[in-house]
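What follows is each chain in one-letter form.
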Amino acid sequence: MPLLHFHVVEGRSDDDIKAMLDAAHEAMLETFEVPRGDRYQIVSEHKKTHLIVEDTGLDIPRTDKVLLLQMFTRPRGDAKNAAFYKCLTERLQTSCGMAPSDVMVSVVENNDAHWSFGHGRAQFLTGEL
């Protein structure tokens with residue numbers, strides 16, 4: 001936890017996707033201080049015509065390497081979220097050659113009762129986590 005859902009234009013190689021996922025996990029480790037084994041990631045590939053990420057009038061250029069990342073997480077606070085955005089774009093640029101302008105993140109916050117990691121239990125509520 002957090003759960004990261006990556007939306008990308010289809011056509012990336014398996015190596016590119018692995019590098020993207022690894023970079024995002026490293027950013028989470030650094031900014032949210034989650035355990036290394038706390039990794040939940042989904043990649044959805046879309047036809048170019050099925051993923052539209054415009055710039056909301058901010059004059060942000062986008063390419064076919066655009067990434068829309070949905071992060072489902074417990075509240076982390078504004079400062080940690082901002083640190084994650086910065087760290088994420090730096091790591092993606094370094095390891096994947098992805099321009100920071102191609103990275104959009106949306107955070108969906110929830111609380112402890114909204115997570116079950118298996119066995120039909122809410123592990124945050126039971127004290128298992």
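Residues numbered from 1 in each chain as written. Predicted model: local features only at pLDDT ≥ 70, side-chain atom pairs only at ≥ 80, totals over all residues. Heavy atoms only, no water.

So, on to the side chain of histidine 5. Residue position: histidine 5 is located in strand S1 (residues 3–9). The exposure class assigned to histidine 5 is buried, which follows from its relative accessible area of 17%. Of note is the side chain of histidine 5, whose polar atom sits 2.7 Å from the side chain of serine 44. (Helix = DSSP H or I, 4+ residues; strand = E, 2+ residues; numbered from the N terminus. Buried < 20%, exposed > 50% of the residue type's maximum accessible area, 1.4 Å probe, protein only. Polar contact = N/O pair within 3.5 Å; in protein donor to acceptor, adjacent residues only side chain to side chain.)

Residue placement: aspartate 78 occurs in helix H2 (residues 78–96). Judged by relative accessible area, aspartate 78 falls into the exposed class, the value being 70%. Distance from aspartate 78 to isoleucine 42, taken between C-alpha atoms, is 24 Å for residues 36 residues apart in sequence.

Honestly, that's just the spatial picture; any functional story needs more than this.
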